[in-house]
2 protein chains.
Amino acid sequence: DQLQTICGECKSPLVARYDLKKIQKKYSPSQLCEGRGLWRWAPLLPVRDAAYRFTLGEGDTPLLKVESIGRELGFQHIYVKDESSNPTGSFKARGLGVAVSRAVELGVHNFVIPTAGNAGGALAAYAARAHCRADVYMPADAPASNKQEVQTLGANLHLVNGLINDAARLAAEDGKKNGYFDVSTFKEPYRLEGKKTMGLELAEEFNWSLPDVIIYPTGGGTGLVGMWKAFEELEALGWIGPSRPRMVVVQADGCAPVVKAFEEGKERAELWSDAHTGAAGLRVPFPFADRLILRAVRQSRGTALSVSDDEMRTAQVDLAGKEGIFAAPEGAATLAALYKLFSNGWIDPKERVVLFNTGSGLKYLGWGNAG
Amino acid sequence: DQLQTICGECKSPLVARYDLKKIQKKYSPSQLCEGRGLWRWAPLLPVRDAAYRFTLGEGDTPLLKVESIGRELGFQHIYVKDESSNPTGSFKARGLGVAVSRAVELGVHNFVIPTAGNAGGALAAYAARAHCRADVYMPADAPASNKQEVQTLGANLHLVNGLINDAARLAAEDGKKNGYFDVSTFKEPYRLEGKKTMGLELAEEFNWSLPDVIIYPTGGGTGLVGMWKAFEELEALGWIGPSRPRMVVVQADGCAPVVKAFEEGKERAELWSDAHTGAAGLRVPFPFADRLILRAVRQSRGTALSVSDDEMRTAQVDLAGKEGIFAAPEGAATLAALYKLFSNGWIDPKERVVLFNTGSGLKYLGWGNAG
């Protein structure tokens, strides 16, 4: 019942814990899942008073069968979890919706965030919904859609000459100076809880089993860590068994700190210098939750790999033209990764594979033509 | 069981009819409404074989309470039906999803469409999903997002120097010459059926009653006519009573053929010359279904009014900054209309009012700054 940030001692991320025994006694899966949208999972989320569950219709994104490409590869069970139907057109709505809700419940009125683009738009939307102030620090070379979205939604946009870690420094300073609550990735425990709902939905959609492989485009990595947490909680509730999907991290060739650490067998990532990729959400040179990401990938017997911007472009055109899904480059990266993992035999054609499209291709106009 | 276009004799739109008595015997409302998305209404839709129900996750868009603006005006029950969460970011997904599905079920492989922008993107997506060819005729001054979307989704984009009625002529010629199925608004009966689901969802969301007023941005008018048809069918099924929302047509000052006909007491609209507005979806100088639109507005004791682009811009900023909803200019036009209908006392503050946001503000980058 106190506003939390990071651990005061070790400076690592904090995570929320629930009385799962109590939830187990009170709800069956079907009771918990009634209704629509992210907030039907409220007993597993950190907001207590329903009056603070600010909503713009987030969650319950479609799980789409990928039939044509599957047929070409000889795969039978490929799916896209299409997060582009969320408010502000990206998966960031889940985390920021919950983070704003819980922080406002605990008395916050002013927010600050560093962002590659989409998280800023999501914060701006939920801050507006909750009548709060939001200050958004964004690299100046972020997509135009992200800038206009933040401004139209009434937030204060600060363009930064640099990368998201530079934006993070400035946002932290602003937050400290003015007493704004910093909702940077993993600098508070509530965004993770919102992202967790992607894992809860998948479990329900696969009828309380789980897919065999999840391929996830990893910038800050909240979604991957959040899903991993969701699976742990669902097992503790007795709703799923101990088996887990193999979690696959996809990054861009031009910014792959987690892939490098994974390949080198390290527990922590190093700052990636000269980060560059058109997939703005993957231009994260140092993910703060590197340890949690690497742990989930290794525990799941997953893997980490990078793809080039050209491979993303080819995959984006495939996903659009063959399946009708106009994905963000980050989402397209998961299909590019699937092609590689198919070629090297890492995935069996009978396995059930979920690709995460984290946002709408509409937010990256001109990207397909850029150099 | 035959592919239909318009009436061979009077050249007017055709509409689908169902054996509602049979449906009434077979389903209760809750049985029909199980599951998620547009296709849960399948018994009231024209596609017979489930294998042809192509889906990208359309429908079940959120109904969002408009609290802050409502409080300012003294209204208690204002809602936005937010169609921007549909695939391709607009309400057009509903109509084209159903039209492509039914046409493919009846043997069509090639589609052609004239579009202000969003319908082209939606056709491109569903044609890709169904492995069909699509040719899209779009005014050259349509938003950039619409052009890129159509191209990435693999359709053939033809830019037209002119308005949507010029595009319609070229599309019809292409269709006739090459045997492509023309899915222009109201030139075939299936798009209307998809749009109808907006009315079905509203009835369910208002617990089988209906709101008092629906404010709808009207270009081609399929959605308004579709909802009207939905209400008729639901009454025939005995699921709702005879009362209807007052249907309000909103158009742009620079292109308001239906408003003009309504004010002049005419049954038909006239071609609007020199049509201009930044709200691309309202730049429809002659809606083919003028009679059906005007009939629904008058039968419902509704009204028709136009708003300026400046009023749309102000409303867009209000909806974004006060409610967190980044609406398309067409959607913002409904709030601008609400302001007017509040000022002149046409709406009572106790009435339940639904505004339709037909698409995402993300598809109109730069519009807010344009002249």
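Quantities reported herein were computed from a predicted structural model and do not represent experimental measurements.

Draft legend 1. A look at the packing of aromatic side chains. Scanning the model with the defined rule gives 14 aromatic pairs over all chains in all. Arranged with centres 5.5 Å apart and planes meeting at 65°, the rings of Tyr216 of chain B and Phe356 of chain B form a pair that is edge-to-face. Of this pair, Tyr216 of chain B sits in strand E7 (residues 213–217) while Phe356 of chain B sits in strand E10 (residues 352–357), and the two are 140 residues apart along the sequence. Of the two residues examined, Tyr216 of chain B and Phe356 of chain B, each falls in the buried class. By way of ring pairs, the aromatic residues Phe91, Tyr216 and Phe356 of chain A are connected into one cluster.

Draft legend 2. Examining the sheet that holds strand E6 (residues 181–182) of chain B more closely. All names here are of chain B. Strand order in the open sheet formed by 4 strands is E5-E4-E3-E6, with parallel pairing between adjacent strands. In this open sheet, the two strands that pair with only one neighbour each are strand E5 (156–160) and E6. Alignment of strand E3 (residues 110–114) against strand E4 (residues 133–139), held across 5 bridges, turns out to be parallel. Among the inter-strand pairings, Ile113 is bridged to a residue of E4, identified as Val136. Strand contacts of helix H6 (residues 144–152): E4 and E5, with the helix running at about 165° to E4, the strand carrying the most contacts.

Draft legend 3. Structural detail: the side chain of Glu149 of chain B. Along the polypeptide, Glu149 of chain B turns up in helix H6. With sequence-adjacent residues up to four places away left out, Glu149 of chain B is seen in contact with Phe326 and Leu362 of chain A together with Thr88, Gly121 and Lys363 of chain B.

Draft legend 4. How the structure looks around the confidence of the model for chain A. In this model, chain A carries a mean pLDDT of 95, and residues with pLDDT of at least 70 account for 99%. Interface confidence for the predicted complex, expressed as ipTM, amounts to 0.95; the pTM equals 0.96.

Draft legend 5. Looking closely at the interface of chain B and chain A. Facing the 40 residues of chain B at the interface are 40 residues of chain A. When chain B packs against chain A, close to 3100 Å² is buried across both sides, 57% of that on carbon and sulfur atoms. Our count for the contact surface shared by chain B and chain A stands at 6 salt bridges. The closest approach of N and O atoms between Glu204 of chain B and Arg36 of chain A, which form a salt bridge, is 3.8 Å. Between the two partners, chain B and chain A, sit 6 residue pairs in polar contact (both at pLDDT 80 or more). At the level of elements, strand E1 (63–65), helix H5 (118–129), H6 and helix H12 (309–323) of chain B are the ones that each hand at least two residues to the side of chain B that touches chain A.

Draft legend 6. Focus on helix H7 (residues 164–178) of chain A. Residues and elements named next belong to chain A. Spanning 15 residues, H7 covers 21 Å between terminal C-alpha atoms, matching the ideal 21 Å at 1.5 Å per step. Turning to H7, its buried residues are Ile164, Ala167, Ala171, Asp174 and Gly175. Angularly, the buried residues of H7 cover 100° about the axis, an arc narrow enough to put them on a single face. Away from the buried face of H7 by more than 90 degrees, exposed residues Lys176 and Lys177 are located. One or two residues past the end of H7 sits Gly179, with phi positive at roughly 75°.

Draft legend 7. Representation of the relation of the copies chain B and chain A within the structure. Overlaying chain B on chain A yields an RMSD of 0.0 Å, the required transformation being a rotation through 180° with an accompanying axial translation of 0.0 Å. One copy is carried onto the other by what is essentially a two-fold rotation axis. In terms of C-alpha distance to the rotation axis, chain B has Ser85 of chain B as its closest residue, with the C-alpha 2.3 Å off the axis.

Draft legend 8. Up close: the environment of Ala122 of chain B. Residues and elements named next belong to chain B. For Ala122, the location among the structural elements is in helix H5. Look at Ala122 and you get buried, because its relative accessible area is 0%. Sequence separation between Ala122 and Pro87 is 35 residues; the distance between their C-alpha atoms is 7.5 Å. In this structure, Ala122 is in contact with Thr88, Lys92, Ala93 and Leu96, ignoring residues within four places of it in sequence.

Draft legend 9. Fine view of the sheet that holds strand E9 (residues 303–307) of chain A. Residue and element names in this part refer to chain A. Taken together, the 6 strands give an open sheet; going across it, the order is E1-E2-E10-E7-E8-E9, and neighbouring strands pair in mixed fashion. The sheet is open, and its two borders are formed by strand E1 (63–65) and E9, each paired with just one other strand. Averaged over all neighbouring strand pairs, the angle between strand axes comes to 25°, with direction disregarded. With 6 bridges joining them, strand E2 (residues 77–82) and strand E10 (residues 352–357) adopt parallel strand pairing. Looking across to E10, one finds that Val80 is bridged to Leu355.

Draft legend 10. Just the pattern of salt bridges, in detail. Taken as a whole, this structure holds 64 salt bridges over all chains when the rule is applied. Notably, a salt bridge pairs Asp1 of chain B with Arg48 of chain B, separated by 3.5 Å at the nearest N-O pair. Residue Asp1 of chain B is found in the segment before helix H1 (20–26), and its partner Arg48 of chain B is found in the loop between helix H2 (29–32) and E1; the two are separated by 47 residues along the sequence. You can call Arg48 of chain B exposed: its relative accessible area is 61%. With a closest N to O distance of 3.0 Å, Lys266 of chain B and Glu264 of chain B form a salt bridge. It is possible to trace a salt-bridge network through shared partners that takes in Lys81, Glu83, Arg94, Glu201 and Glu205 of chain A.

Draft legend 11. Spotlight on the packing of helix H4 (residues 92–105) of chain A against helix H5 (residues 118–129) of chain A. Residue and element names in this part refer to chain A. Relative orientation of the contacting elements H4 and H5 amounts to 40°, with a least axis distance of 9 Å. When the interaxial angle is binned, H4 and H5 end up oblique. Note on packing geometry: the crossing formed by H4 with H5 is right-handed. Contact residues: H4 offers Lys92, Ala93, Leu96, Gly97 and Val100, while H5 offers Asn118, Ala119, Ala122, Leu123, Tyr126 and Ala127.

Draft legend 12. The environment of Glu311 of chain B, seen in detail. Residues and elements named next belong to chain B. Tracing the chain through its elements places Glu311 in helix H12. Take Glu311: its relative accessible area is 30%, and that puts it in the partly exposed class. Here the alpha-carbon distance between Glu311 and Ala124, two residues 187 residues apart in the chain, equals 32 Å.

Draft legend 13. Summary view of the pairing of E10 of chain A. Residues and elements named next belong to chain A. Burial within E10 is extensive, with 5 of its 6 residues counted as buried. Note: strand E7 (residues 213–217) against E10, 3 bridges, orientation parallel. Paired with Ile214 across the two strands is Val354, which belongs to E10.

Draft legend 14. Molecular detail of H4 of chain A. Residues and elements named next belong to chain A. If you check H4, its first and last C-alpha atoms are 20 Å apart, about what 14 residues at 1.5 Å a residue would give, namely 20 Å. Among the 14 residues that make up H4, 14 are buried, leaving the element largely enclosed by the rest of the structure. The first or second residue beyond H4 is Gly107, which carries a positive phi of 100°.

What counts and how
- Residues numbered from 1 in each chain as written.
- Chains lettered and ligands numbered in written order.
- Predicted model: local features only at pLDDT ≥ 70, side-chain atom pairs only at ≥ 80, totals over all residues.
- Heavy atoms only, no water.
- Phe/Tyr/Trp six-rings, centres within 6.5 Å; stacked < 30°, edge-to-face > 60°.
- Helix = DSSP H or I, 4+ residues; strand = E, 2+ residues; numbered from the N terminus.
- Buried < 20%, exposed > 50% of the residue type's maximum accessible area, 1.4 Å probe, protein only.
- Pairing = 2+ DSSP bridges.
- Contact = heavy atoms within 4.5 Å.
- Axes fitted to C-alpha atoms, helices over the stretch in contact; angles between N-to-C directions.
- pLDDT = per-residue confidence, 0-100.
- Buried area = accessible area lost by both parts, 1.4 Å probe.
- Salt bridge = Lys/Arg side-chain N within 4 Å of Asp/Glu carboxyl O.
- Polar contact = N/O pair within 3.5 Å; in protein donor to acceptor, adjacent residues only side chain to side chain.
- Expected span 1.5 Å × (residues − 1).
- Arc of directions from axis to C-beta.
- Least-squares fit on C-alpha atoms with pLDDT ≥ 70 in both.
- Parallel < 35°, antiparallel > 145°, perpendicular 65-115°, else oblique.
- Left-handed = near helix turned anticlockwise from the far one by under 90°.

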